[in-house]
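Spelled out from the first residue to the last, the chains are:
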Amino acid sequence: MIGDERPMAGMTLTEKILARHAGKPSVQPGDNIWVDVDILMTHDVCGPGTIGVFHQNFGRNAKVWDREKVVIIPDHYIFTADAMANRNVDVLREFVAEQNLPHFYDVGTDRYKGVCHIALPEEGHTRPGEILLGTDSHTCTAGAFGEFATGIGNTDAGFVLGTGKTWLKVPQTLRFVFKGQLPPYLMAKDLILALIGDIGCDGATYQAMEFDGDGVFCLGIEERMTLCNMAIEAGGKNGIIRADQKTIDFVKSRDKSGKPFTVEQSDADARFAREWVYDVTKLKPVVAKPHSPDNRAYVDELKGATLDRAYIGSCTGGKMTDFRAAARLLKGRSVKIDTFVVPATSEVAKQLKTERLDGGSTLEEIFLNAGAKLGQPSCAACLGGPADTFGRLNSPLKCISTTNRNFPGRMGHKQAEVFLASPLTVAASALTGTITDPREYLA
Ligand code: SF4
């Protein structure tokens, strides 16, 4: 091939977004390109390192490239006496003051949000067709809004702070088509755990994972976020779902910027590296056994396995859709094991106090009456955290959890065993103290 001459081929949704942000008519997988970044998010764990890189490379008096495009969300180690964790939040505060940044959701203020990946859309920072980068691997969650969203390291993030650009290799795209209407006993978590079980934790390494099919578009926005959230657990560069009317309505209801956005979809002749097709009506509730998200088993294979704890929270499992599902099972019943409920954000926490199930008790009342413990909005025990973190596994417990990772030590103790499952399966299991199929309670 001579020069820039290329065969005319359609592009996938991910390729189209990257091409536009590189100022090119087209890109192909493997191209190395510079792209303009629309949003950079950082939090209390990686923010201090990112800020250090920025100061070191651009100077102590440098200003960020665009203060409107930087979003800072403390969420990980928040409600703790740990001095190092608290110092991290102080570093964010100092930087925000120094740079006069408007999008800071500080602890102890009315603006405090909680888990960054849920806070971003709630506060209108996710828009179709944009590039959103974050210093957190689950930044891919925002692909649910039809944008390119991925996690980056502190060094890259420090560079983005100074320039608004980053350098990317265009990934190949894999397409995952879910056909059919989701049965009431399944959730997005079952779909993504089934998929990761098929392709493995490295099955999509540095590839875009595009989710498609009526089984995806029948899902609400929050469930789509759960699908994209776990793209990284298969090694994916990003997860993405084209924006439909549900997406546009959600984004318009939250976006305060008034910026126009571009809704795109994969071309009919786009090249996908590989395609998987699932009939969701034939799937069963899934669990990922310790110690890897691809260690798949069906709930009926593990039925009766004893547990010590249940945990419902995180960016994967701490949204209203997750709590509505869990409340359906817990209403009027009592949990048999320690059960921790952690809303992802302050908005979710407020809604738990006001939203009623079938006009009766609020979701919060249902959880408390069932004997669950309710935590404050944050990542809490999803990433272990300091020893005083709410819900942390401080001993070798067996826990069933709506979170997204179950590597050794992820939720605290290195000998703890974490089973990943949907909020329905976690709630059913909390009621028996053993791994339990939610169909037993939904019949
Ligand atoms: S809830 Fe868990 S997975 Fe999500 S951002 Fe926090 S630590 Fe990471």
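Structure first, text after, so check above.
**Regarding a nonpolar patch on the surface**
No. 1: A cluster of nonpolar side chains, Trp-34, Phe-58, Phe-159 and Trp-167, forms an exposed patch at the surface whose accessible area comes to about 430 Å².
No. 2: By the element assignment, Trp-167 lies in strand E7 (residues 165-169).

**So, the site of the ligand**
No. 1: The local shell around the ligand consists of His-76, Val-115, His-117, Asp-136, His-138, Ser-314, Cys-315, Cys-379, Cys-382, Leu-383, Asn-404 and Arg-410.
No. 2: The residue inventory of the shell around the ligand, partitioned by class, reads 5 nonpolar, 5 polar and 2 charged.

**Some details on the packing of aromatic side chains**
No. 1: Applying the stated criterion to the full structure yields 11 aromatic pairs.
No. 2: Each ring, one from Phe-340 and one from Phe-390, has its centre 5.1 Å from the other, and the planes form 75°; the classification is edge-to-face. Linking Phe-340 in strand E15 (residues 338-342) with Phe-390 in the loop between strand E16 (373-374) and strand E17 (398-401), this pair joins segments that are 50 residues apart in sequence.
No. 3: A residue is classified by how much of its surface remains accessible, and Phe-390, at 28% relative accessible area, is partly exposed.
No. 4: One aromatic cluster is present, formed by Trp-34, Phe-54, Phe-58, Phe-95 and Phe-159 through successive ring pairs.

**Focus: helix H5 (residues 154-163)**
No. 1: Inspection of H5 places Ala-157, Gly-158, Val-160 and Leu-161 among the buried residues, and these make up the whole buried set. All buried residues of H5 project into a common sector of 160° when viewed along the axis, lining one side.
No. 2: On its buried side, H5 packs onto strand E2 (39-42), helix H2 (47-58), strand E3 (70-72), helix H3 (83-99), strand E5 (131-134) and E7.
No. 3: One or two steps after H5, the chain reaches Gly-164, where phi turns positive at roughly 75°.

Conventions used here
- Residues numbered from 1 in each chain as written.
- Predicted model: local features only at pLDDT ≥ 70, side-chain atom pairs only at ≥ 80, totals over all residues.
- Heavy atoms only, no water.
- Patch = residues over 30% accessible without salt bridge, like charges linked within 9 Å, V, L, I, M, F, W, Y side chains within 5 Å.
- Areas by Shrake-Rupley, 256 points an atom, 1.4 Å probe, with all protein chains shown as cover.
- Salt bridge = Lys/Arg side-chain N within 4 Å of Asp/Glu carboxyl O.
- Helix = DSSP H or I, 4+ residues; strand = E, 2+ residues; numbered from the N terminus.
- Near = heavy atom within 4 Å.
- Nonpolar A, V, L, I, M, F, W, Y, C, P; charged D, E, K, R; others polar.
- Phe/Tyr/Trp six-rings, centres within 6.5 Å; stacked < 30°, edge-to-face > 60°.
- Buried < 20%, exposed > 50% of the residue type's maximum accessible area, 1.4 Å probe, protein only.
- Arc of directions from axis to C-beta.
- Contact = heavy atoms within 4.5 Å.

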